[in-house]
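An overview of the molecular structure
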Amino acid sequence: MTTTLHEPELARLARRRAMVPYLLLLPGMAWLFAFFLVPILRLIGVSLQSGIYPNYEFTWQWDNYARLWTQYGGQVWNSLRFAFIATVICLVLAYPLAYFIAFRGGRWKNFLLVLLLMPFLMPFLLRTLSWKIILADEGLVVGTLKSIGLLGPNATLLATSVSVIAGIAYNFLPFMALPIYVSLEKLDRSLIEAATDLYARPTEAFRKVTLPLSMPGVVAGTLLTFIPAVGDYVNVLLLGSPNEFMIGNVIQSRFLNVLDYPVAAALSFTLMAVIVLMLIPYVRATGTDDLVA
Amino acid sequence: MTENGIPAVELDHVTKQFGEFTAVDDLSLSIGENTFFEDPTSGTIRLHGDDVTGLKPYRRAVNTVFQSYALFPHMTVAENVAFGLRRQKVDDAEIKRRVGETLELVQLSARGSAKPKQLSGGQQQRVALARALINHPRVLLLDEPLGALDLKLRKEMQIELKRIQQEVGITFIHVTHDQEEAMTMADSIAVMNHGRIERLGSPSEIYEDPRTPFVAGFLGASNLMHGTVSGNDVGLPNGAVIRLTDHQAARCNGHREVQIGVRPEKLSFYGRGTSENTPANRLTGVIADASFLGTSTQYLVEVPGIGQVAVVEQNLGEIHAPGEEVVVAWKPEHTFVVE
C-alpha cells in the first residue's frame, strides 16, 4: 500500500486540496451572481431611468427615489405597521405553540409539526380567499362578535386593517413557529434542570434560561415573518381595500399596470434598503450572533 | 457525615420506579443517590432530620453537579456561579463577596468574566462545582462529575474534589461507575445493583470483605471458588482444603455449599517443596499466561479442577514464565466468603 509520491506530485495534491472549498462554493456563488447580483444591479440601473414605456433612458433620475416619501408615505406606513403588528401576533401565538410541541409533544411531536404545516398544502390564494368567507359580513366570526357586543351593529371586519393583519399573521405563522421550535428543541434540558436545582422557580427558569437561549429562534422567526410581510400585497388585495394598500401593492401596480418600471424599481430598492437598515440594529441589540456561534 | 448524631441524608424504605424500571428498591440508608431525591414512588427522605420527601427541587437545600456540567452558555462564569444566590434574593454585595470566595476555592478567580465555552473541560467542571457549592447546600450531589474528563485530568480533579470537600465540610454524594474513583475518594461507599444496596461501608471494608459476588467483581478483581464447609475448612473440588478465619467461618452460618474468594494481589508463588513460611491456603497449578504491567505482573494460573486463578505479583524479583509449575498460597485472613 505504500506509494512513493515525489515532491512535485505532493505539491500538486496540496494545491488541489486547497481548491476544494472554492469548487464547492462555485455553484452557490454562480447562482447568487446570476439571480441576485445581476438583477439587483439591473434594478438600480432601471431605477435611475426616465421616460414613458417602452422608451426609457438612463438619466440619473434620482427623483424616482423621492416618490417613496412624497407620494407613497401612507402605503409605506401601512406596510411597516401591518407587518409589525402581524409579526407581534405571530410571536405571541407561535412561541407557546412551539414550546408545547418541543417540550410536551412527546411522540406526537412530528404529527403536531405536520399539522402546523398542513395549511401549506393548500395554495396560498385559496388559503387567503377562505379567510374572506370566515370574515365575511354575514359570516360566523362577525356574527359572534356582534352578538357578544365586541363589534357594533354596523361594523365589518372584511376590507379593514384587521382582516389584512389577520391574513398576514395567518399566512406567516409557520415561519415564526418553526425557527422557535428548532431553538427550543435543541435546548439542553439539563440546563433547565440545573436552574431549578439552583432554586429557580419554573417561571424564573423560563425567564433566565429557556427564553434567552431560544432568542436565536425568535430573531430568525421575526425576520422571516417581518421581511416578507412588509413586501406582501396579496393579503391586501384579497382581504383589504385601497385604504389598506401597502407598498407592495404600489410596486405591483407600477410594474404590471402602469408599466412605470423606473419608479417601481426605485421603490423596490428603497424598500429593501429600509428593511436592512431597520434590522441591523435589531439583530445587534438582541445580541444573538454570540449565541448562534 | 453526621451532625449531632443525625445523619445528613436518611432514606427510609425508599422505592423509585420509572414506569416498569425500578431504579431504587426499598432502600434504607444514611447517604444516597440522585434519583431518589426526585419525588420517590414510596418511602421517606430526611436531610439532617428534616423530611424533604416530595419537596420541589427549588425548595430543598441540595445542589447538584451535573454529568454534562449544564453550565448556562449565555452567562459568564461569575453569573453562572451567582445564579443560585440571585434566585434566593441575596443582596449584591454579599453575592459579589461569595462569588469571589468560591471562585478562589476552585482556583478560577481569573476567569470570572469568561463564557463557559471558553474554558477547558476541567475548568468547566470546577465552575459547575463552584455554582453548586456557593449555596452551602446541606448535601451536594455529584452525578458522574468526572466522566467527561481524560484520565490525567480525572486523577487531578479527584484530589481537587477531595480537598474542596474537606475544606467546605459538606456531605458529597458522588455517583460513579468508576470503582477506582469511588475507592480513592469516598469515606463510605454504597455499591448498588438492581436498585438495591449490595454493600455499604468504607472502601477498605468493602474491598477486603465484599460479601457478594457482584461487589467482589465490581470493586477490583477477585478469584471466586465454590467449596464445601466443615468447621473452619472449605474443601475445594480438586481436594485442596482452604482455611477460613473464625469470623469468616461464622458468616457461612450453617450453609454447606459456599463461594469463597481471594484478591489476586494476596496470592504469592512458592516452590514445589513447602516450608513453614508458606501460608496455609495453597493451590498447585501451571502458569498459563503472564502480563507485564510495569509495577507488577499479572499471571493466570491454571489449577486443575478449579479453573484459572489470577495472581498479581510486584516486580521485585524473578518473573515467572508460562508453562512453569507453581504453588500459589495465601493467608487464611485474606480469604472471604461471599453469599
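Residues numbered from 1 in each chain as written. Chains lettered and ligands numbered in written order. Predicted model: local features only at pLDDT ≥ 70, side-chain atom pairs only at ≥ 80, totals over all residues.

With that settled, consider unusual backbone geometry. Although it is not a glycine, Trp60 of chain A adopts a positive phi angle of roughly 50°. Looking at where Trp60 of chain A falls in the secondary structure, it is placed in the loop between strand 2 (55-58) and helix 2 (63-70). Despite not being glycine, Ala70 of chain B has its phi angle at roughly 50°, a positive value. Structurally, Ala70 of chain B can be placed in the loop between strand 7 (62-65) and helix 1 (77-87). (Helix = DSSP H or I, 4+ residues; strand = E, 2+ residues; numbered from the N terminus.)

Here we take up the confidence of the model for chain A. Considering every residue of chain A, the mean pLDDT works out to 88; 96% of them sit at 70 or more. Per-element confidence in chain A is highest for helix 3 (residues 73-104) of chain A, whose mean pLDDT is 95, and lowest for helix 13 (residues 289-292) of chain A, whose mean pLDDT is 48. (pLDDT = per-residue confidence, 0-100.)

Moving on, we come to the interface of chain B and chain A. At the junction of the two partners, chain B supplies 14 residues and chain A supplies 16 residues. Elements with a contribution of two residues or more to the side of chain B that touches chain A: strand 7 and helix 1 of chain B. In terms of residue count, the dominant contributor to the side of chain B that touches chain A is helix 1 of chain B (three residues). Among the residues making up the side of chain B that touches chain A, the classes are represented as six nonpolar, six polar and two charged. (Contact = placed C-beta atoms within 7 Å. Nonpolar A, V, L, I, M, F, W, Y, C, P; charged D, E, K, R; others polar.)

Residues and elements named next belong to chain B. Residues Asn223, Met225, Gly227 and Val229 of strand 12 (residues 223-230) are buried on one face, while the alternating residues Leu224, His226, Thr228 and Ser230, pointing to the opposite face, are not. In this sheet, strand 15 (residues 257-262) lies alongside strand 12 in antiparallel orientation, the contact comprising six bridges. Within the sheet, the bridge partner assigned to His226 lies in strand 15 and is Gln259. As paired strands, strand 12 and strand 13 (residues 233-235) are joined by three bridges and run antiparallel to one another. (Buried ≥ 20, exposed ≤ 12 C-beta atoms within 10 Å, placed from the backbone. Pairing = 2+ DSSP bridges.)

Residues shown with low pLDDT carry predicted positions that ought not to be read at fine detail. All names here are of chain B. For chain B, mean pLDDT is 83; residues scoring 70 or higher make up 85% of the total. Confidence scores differ between elements of chain B, with strand 1 (residues 2-3) showing the lowest mean pLDDT of 38 and helix 1 the highest of 95. The low-confidence segment residues 1-5 (pLDDT under 50) makes nine contacts with residues lying over four places distant or belonging to another chain. Segment residues 31-37 is flagged for pLDDT under 50; beyond a separation of four residues in sequence, or across chains, it makes 27 contacts in the model. The ipTM for the predicted assembly is 0.76, set against a pTM of 0.77.

Another point: the sheet that holds strand 8 (residues 139-143) of chain B. Strand-to-strand pairing in sheets goes through backbone hydrogen bonds, with the strands running parallel or antiparallel. All names here are of chain B. A sheet is described by the order of its strands in space; here three strands give the open sequence 7-8-9, paired in parallel fashion. Each edge of the sheet is formed by a strand with only one pairing partner; in this case those strands are strand 7 and strand 9 (171-175). Across the sheet, the axes of successive neighbouring strands diverge by a mean angle of 20°, strand direction being ignored. (Axes fitted to C-alpha atoms, helices over the stretch in contact; angles between N-to-C directions.)

With that out of the way, let us pick up the pairing of strand 8 of chain B. Residues and elements named next belong to chain B. Summarising burial for strand 8: four of the five residues are buried, a large majority. Looking at chain direction, strand 8 and strand 9 are connected through five bridges and run parallel. Along strand 9, the bridge assignment pairs Leu141 with Ile173.

In this section: the environment of His6 of chain A. Locating His6 of chain A in the fold gives a position in the segment before helix 1 (7-47). Along the sequence, His6 of chain A and Gly221 of chain A sit 215 residues apart, while their C-alpha atoms lie 54 Å from each other.

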